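Next come the chains, spelled out residue by residue.
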Amino acid sequence: MNTANTSHIDTSDIYNYLQKLQTKIIEAIELVDGKTFLQDSWQRPEGGGGNSCLLEEGNVFERAGVGFSHVLGTKLPPAASVAHPEAAGRPWEAMGVSLVFHPRNPYIPTVHMNVRFFIAKAQNDNEQDIWWFGGGMDLTPYYGFEEDAEHFHRTNKTALDAFDTSYYPKFKKECDEYFYLKHRKEPRGIGGIFYDDFSELGFERSFDFHRAVADSFLQAYLPIVQRRKDTPYGERERDFQAYRRGRYVEFNLIYDRGTIFGLQSNGRTESILLSMPPIVKWRYDWKPEAGSAEAKLYTDFLIDKDWLSIT
């Protein structure tokens, strides 16, 4: 978190970048899938709006959502003001791009990315703006492959190393801790990077950092999609995929800060829940068969691991 004079913050640059980012990612995914996204622009009565883009029943992606939002308010909701009491009661502005891709083939992992900017604006000359960047990306495989995990994390590290070599281990750890289902005592996936309240480089350099993360997403994910999209699968793999997707739903509804913030700030429900998988199953106290490919996900991938030390 940081403070800066209002004149130092050009939110229009962030707004324009995020809109272009959404378009770039959608165009890339449409080339891979062969189907086009539905684009649904919306306005928020309290201020702002966005564009929710959704691809359903695609050739590669069963459901893929890429949302851009720019919302404004006059008073911070509890999800934000608890962490930042000094910003309580201020007018605020939040914008970001959030995406979740749920592939049809269980050998392709689900992926999530979110990049966002938040500012609580000064109300008089004696106050300063309070602003920060947040975001990251993480990978949730159903059937794990070490080369995929290594590639994803290597791409994350390369993007961060240009700014500070301490960032990757720090933000990998934050990702592992954030995307953890406490009630299940297990990670959601194999992680990636996650940061919040990021402002330590000053506005311009922090924005550069933010762009570097977002611009690395396609490089981190698409090679994995291309490698796995033609892998044969059957009902067993689809069934396990649906079961594991249940963990995704549980995390989003119980822990995800973006979901909680959106609901508490009277956001657009359809856009907030764009990340939900289309087909999900739950079973009572289910365990994978010992030695199976499904069991390997738990023993070899849903663990605390340095993925860059395996090659």
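Since we're looking at a predicted model, the values are computed, not measured.

Across its full length, the protein carries 10 helices and 10 strands. Taken against the 2.2 N^0.38 rule, which gives 19 Å for 311 residues, the C-alpha radius of gyration of the protein at 19 Å falls within 12% of a compact globule. Taking the principal axes of its C-alpha atoms as reference, the protein extends roughly 65 × 40 × 40 Å. Put simply, the protein has 311 residues, and 55% of those count as buried. Looking at the protein alone, contacts between residues at least 24 apart form 72% of all its contacts between residues at least 6 apart. Total accessible area on the protein stands at roughly 13,900 Å², and carbon and sulfur atoms take up 51% of it. Seen as two clouds, the 36 positive and the 45 negative side-chain charges of the protein have centres 4 Å apart.

A word on helix α10 (residues 293-301). Glu294, Ala295, Leu297 and Phe301 are the residues of α10 that are buried. In the core, the buried residues of α10 are packed alongside α3 (146-161) and α7 (235-254).

In this structure, Ile25, Phe61, Phe101, Phe217 and Tyr221 are the most contacted members of the largest nonpolar core, which totals 65 residues. In terms of residues, this core owes the most to one element, helix α1 (residues 11-33), which gives 9 residues. Not counting residues up to four positions away in its chain, the partners in contact with phenylalanine 101 are Ile25, Ile29, Phe61, Arg63, Ala64, Gly65, Val66, Pro109, Thr110, Val111, Phe217 and Tyr221. Of all hydrophobic cores here, the second largest spans 11 residues; its members include Ala87, Ala94, Phe118 and Phe261.

What follows is about the environment of proline 187. Relative to the helices and strands, proline 187 resides in strand β9 (residues 186-187). For the pair proline 187 and aspartate 285, spaced 98 residues apart in sequence, the C-alpha separation works out to 17 Å. Ignoring any residue separated from it by four or fewer positions in sequence, one finds proline 187 in contact with Phe179, Tyr180, Leu181, Arg244, Leu302 and Ile303.

This part takes up the side chain of serine 206. The residue serine 206 is located in helix α5 (residues 203-215) in this model. Other than its neighbours up to four places away in sequence, serine 206 contacts Trp131, Phe133, Phe198, Ser199, Glu200 and Leu201.

For the rest of this paragraph, the subject is the packing of α1 against helix α6 (residues 217-228). Two elements in contact, α1 and α6, have axes separated by 12 Å at closest approach and are oriented at 10°. If you check the angle between α1 and α6, you find them roughly parallel. When α1 is examined against α6, the residues Lys24, Ile25, Ala28, Ile29 and Val32 are found in contact with a partner set consisting of Phe217, Leu218, Leu222, Val225 and Gln226. Considering only residue class, the contact of α1 with α6 consists of 8 nonpolar, 1 polar and 1 charged.

Contact geometry for α3 and helix α4 (residues 167-178): axes closest at 9 Å, N-to-C directions at 130°. By the angle between their directions, the pair α3 and α4 is classed as oblique. For the pair α3 and α4, the crossing hand works out as right-handed. Note on element contacts: α4 touches α3 through Tyr167, Tyr168, Phe171 and Lys172, opposite His153, Asn156, Lys157 and Leu160. Here the contact of α3 with α4 is built from residues that sort into 4 nonpolar, 2 polar and 2 charged.

Moving on, we come to the pairing of strand β4 (residues 61-73). Buried residues dominate β4, accounting for 11 of its 13 residues. Summarising the sheet, strand β3 (residues 48-56) and β4 pair through 9 bridges and their orientation is antiparallel. If you follow glycine 50 over to β4, its bridge partner there is serine 69. Linking β3 back to β4 in an antiparallel pair, the connection comprises 4 residues, with glutamate 57 at a positive phi of about 55°. Bridge analysis of β4 against strand β5 (residues 92-103) gives 12 bridges, and the strand direction is antiparallel. Directly across from histidine 70, in β5, lies its bridge partner methionine 95.

The rules we used
Per chain, residue numbering runs from 1 following the sequence as it is written. Since the coordinates come from a predicted model, pLDDT governs what is reported: local features require at least 70, and pairs of side-chain atoms require 80 or more to be given and counted, while whole-chain, interface and lining totals use all residues. By convention in this description, side-chain values take in all heavy atoms of the structure and omit both hydrogens and water. Put simply, DSSP marks the helices as runs of H or I at least four residues long and the strands as runs of E at least two long, and each gets a number from the N terminus on. Just to be clear, the radius of gyration here is over C-alpha atoms, and the globule rule we use is 2.2 Å times residues to the power 0.38. To sort residues, take the accessible area from a 1.4 Å probe on protein chains only and compare it with the maximum for the residue type: under 20% means buried, over 50% means exposed, and anything in between is partly exposed. Should any heavy atoms of two residues lie within 4.5 Å, those residues are considered in contact. Computed by Shrake-Rupley with a 1.4 Å probe, the accessible areas treat only the displayed protein chains as cover when residues are assessed. Think of it this way: Lys and Arg go in the positive column, Asp and Glu in the negative one, and His and the chain ends go nowhere. For the purpose of locating charges, the reference atoms are NZ of Lys, CZ of Arg, CG of Asp and CD of Glu. Buried residues of nine kinds, namely Ala, Val, Leu, Ile, Met, Phe, Trp, Tyr and Cys, make up a nonpolar core once their side-chain atoms join them within 4.5 Å. Where helices are involved, their axes are fitted lines through C-alpha atoms of the stretch in contact, as for all axes, and angles between N-to-C directions lie from 0 to 180°. Roughly parallel means an angle under 35 degrees; roughly antiparallel, over 145; roughly perpendicular, 65 to 115; everything else is oblique. Under this grouping Gly is polar, as are all residues other than the nonpolar Ala, Val, Leu, Ile, Met, Phe, Trp, Tyr, Cys and Pro and the charged Asp, Glu, Lys and Arg. Each crossing gets its hand from how the near helix is turned against the far one by less than a right angle, where anticlockwise is left-handed and clockwise is right-handed. The pairing criterion is simple: DSSP has to find at least two bridges between the two strands.

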